[in-house]
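So you can see what is in the structure, the chains are spelled out below.
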Amino acid sequence: MSLLLQYIYVSIVTMLIPILSLLLSLNYIPCKAQVSSTFYDDTCPNALSTIRTSIGAAVTSDRRMAASLIRLHFHDCFVQGCDASILLEVAPSEKDAFRNGGVRGYEVIDDAKAAVESVCPGIVSCADILAVAARDASVEVGGPSWSVRLGRRDSLTTNPDEANNILPLGSMGLDVLIPIFAQKSLSVRDMVALSGAHTIGQARCVTFRARIYANDSNIDPEFASNLRTNCPQTGGDGNLERLDLVTPNTFDVNYFRNLLERRGLLTSDQALFNGDSTDSIVQEYVDNPALFESDFAAAMVRMGDLDPLTGANGEIRTLCTALN
């Protein structure tokens, strides 16, 4: 090796040593996969369009399904992270957890997974399909879109106990809700924005019965009276009522306008506008619908990034309901 080449070699090594030392100190592993919006561009370029077609057909057939798919993604991400653990049919399962009562849309994810498997088997995780389905469902009912970061892998376990301990309930107030979201590194604004998903969908009588019979001052009397006809004090637990009576199948800010009129269906809804710290955020969204949509999209991205399994962790399930 000539003196010039030796000099160049030593110079390059000398420059690289401190860089490599810094990366090692940060536990940086270059080969570790990370979530990225382009994750399937090479391995399954038709994945997103295939999912979109499947979700579009499901929402066209059942408009309520849009809300169900967004909720399903939420309930998955809050337990063990966004890992499709809610889809596993094992004993005991998250599906059977009390706080997952009324969650639906499982068969839509199964169908989307089957469609993706037909074009690129063993590539796309159920966790990613859940995340994309929530975004596509929002768009189908006039809601915002966002760039979904992909590359999650599917969990090998399910955790019904955690589901029953951490998932929010419709009977909760701000004093309980804010800490639940904070545990997931989601801000108060994230919480209010994500609650705005209740601008679509329906709730069961059992989830709002206590509110409409309590005669509290934070519920419009006529609103409560009308709801009692479909939700008796005993029986009818599964009777459904729209979360937004005005535009139940359109993603808009009428949910927040209802709160100003004390017409939030769930206790957790009305808690957002009840003389407390979140009142101003609700008013902001009523005054500026575009702000709500952008905040909702950003909050969905942050929620979708909760503790994903990547790299060699987890697996890519062939069936979302079962381990490989």
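This structure is a prediction, so every number in the text was calculated from the model and none was measured.

Each value, and the rule that gives it
Residues numbered from 1 in each chain as written. Predicted model: local features only at pLDDT ≥ 70, side-chain atom pairs only at ≥ 80, totals over all residues. Heavy atoms only, no water. Phe/Tyr/Trp six-rings, centres within 6.5 Å; stacked < 30°, edge-to-face > 60°. Helix = DSSP H or I, 4+ residues; strand = E, 2+ residues; numbered from the N terminus. Buried < 20%, exposed > 50% of the residue type's maximum accessible area, 1.4 Å probe, protein only. Lys NZ or Arg CZ within 6 Å of the ring centre and 35° of its normal. Axes fitted to C-alpha atoms, helices over the stretch in contact; angles between N-to-C directions. Parallel < 35°, antiparallel > 145°, perpendicular 65-115°, else oblique. Contact = heavy atoms within 4.5 Å. Nonpolar A, V, L, I, M, F, W, Y, C, P; charged D, E, K, R; others polar. UniProt positions renumbered as here; feature names shortened; annotations may be inferred. 1 Å grid on protein atoms, 1.4 Å probe; cavity = no way out; pocket = protein on both sides within 12 Å on 5 of 7 lines; lining within 4 Å. Points joined across faces, edges and corners; volume = space filled by probe spheres on them. Expected span 1.5 Å × (residues − 1). Left-handed = near helix turned anticlockwise from the far one by under 90°. Disulfide = S-S within 2.5 Å.

Colleague: With reference to specific residues and values, describe the packing of aromatic side chains.
Modeller: In this structure the tally under the stated criterion is 12 aromatic pairs. Ring centres of Phe74 and Phe181 lie 6.1 Å apart, and the angle between their planes is 40 degrees; this geometry places the pair in the tilted category. Placement of Phe74 in helix H3 (residues 65-77) and of Phe181 in helix H7 (residues 174-183) is noted, with a sequence separation of 107 residues between them. Overall, Phe74 belongs to the buried group, its relative accessible area being 15%. Put simply, the rings of Trp146, Phe251, Tyr255, Phe256, Tyr285, Phe292 and Phe296 pair up and form one aromatic cluster. The ring of Tyr106 has Lys95 sitting right over it, with the charged end atom 4.3 Å from the ring centre. Over the ring of Tyr213 we find Arg228; its NZ or CZ atom is 5.4 Å from the centre of that ring.

Colleague: Before we move on, could you go through the packing of helix H8 (residues 188-195) against helix H14 (residues 289-304) and cite the residues and values that matter?
Modeller: The geometry of H8 relative to H14 is characterised by a closest axis approach of 8 Å and an angle of 105 degrees between their N-to-C directions. If you check the angle between H8 and H14, you find them roughly perpendicular. Contacts between H8 and H14 involve Arg189, Asp190, Ala193 and Leu194 from the former and Leu291, Phe292, Asp295, Phe296, Ala299, Met300, Arg302 and Met303 from the latter. Residues that form the contact of H8 with H14 fall into these classes: 8 nonpolar, no polar and 4 charged.

Colleague: How would you summarise the UniProt feature "binding site: heme b" (unreviewed entry) in the protein chain if you had to cite specific residues and measurements?
Modeller: With numbering aligned to this structure, UniProt lists the feature "binding site: heme b" (unreviewed entry) at His198. If you trace the backbone, His198 turns up in the loop between H8 and strand S1 (202-204).

Colleague: Residues and numbers for empty space enclosed by the protein, please.
Modeller: Taken as a whole and judged by the stated rule, the model has 1 cavity of 30 Å³ or more. Of the pockets and cavities examined, the largest cavity occupies roughly 60 Å³. Around the largest cavity, the lining residues are His73, Ala131, Trp146, Ser147, Val148, Arg149, Arg152, Met300, Val301, Gly304 and Asp305. At 3 residues, the largest contribution of residues to the lining of the largest cavity is made by H14. Taken together, the residues of the lining of the largest cavity break down into 5 nonpolar, 3 polar and 3 charged.

Colleague: Give me helix H5 (residues 126-140): which residues, what numbers.
Modeller: When the terminal C-alpha atoms of H5 are compared, their 20 Å separation across 15 residues agrees well with the 21 Å that a helix rising 1.5 Å per residue should span. Of all 15 residues in H5, 13 are buried, a share of seventy percent or more. Immediately beyond the C-terminal end of H5, within one or two residues, lies Gly142, with a positive phi of roughly 85 degrees.

Colleague: I'd love a proper account of the packing of helix H2 (residues 47-61) against H5, names of residues and values included.
Modeller: Viewed as axis vectors pointing N to C, H2 and H5 meet at an angle of 55 degrees, and their least axial separation amounts to 9 Å. Between H2 and H5, the angle falls in the class oblique. Considering only the axes of H2 and H5, their crossing is right-handed. Along its contact with H2, which presents Leu48, Ile51, Arg52, Ile55, Gly56, Val59 and Thr60, the element H5 presents Ile129, Val132, Ala133, Asp136, Ala137 and Glu140.

Colleague: Account for the state of the cysteines, with residues named and values stated.
Modeller: For the structure shown, the criterion picks out 4 disulfides. Each sulfur in the disulfide pair Cys205 and Cys231 lies 1.9 Å from the other. Classification of the bridge connecting Cys205 and Cys231 rests on its S-S torsion, roughly 75 degrees, and on that basis the disulfide is right-handed. Of this pair, Cys205 sits in helix H9 (residues 205-213) while Cys231 is found in the loop between helix H10 (221-228) and strand S2 (240-242), placing the two residues 26 residues apart along the sequence. Here the two residues Cys205 and Cys231 agree in accessibility, since each one is buried. What connects to what in the protein chain, once the bonded cysteines are numbered by sequence position, is 1-4, 2-3, 5-8, 6-7.

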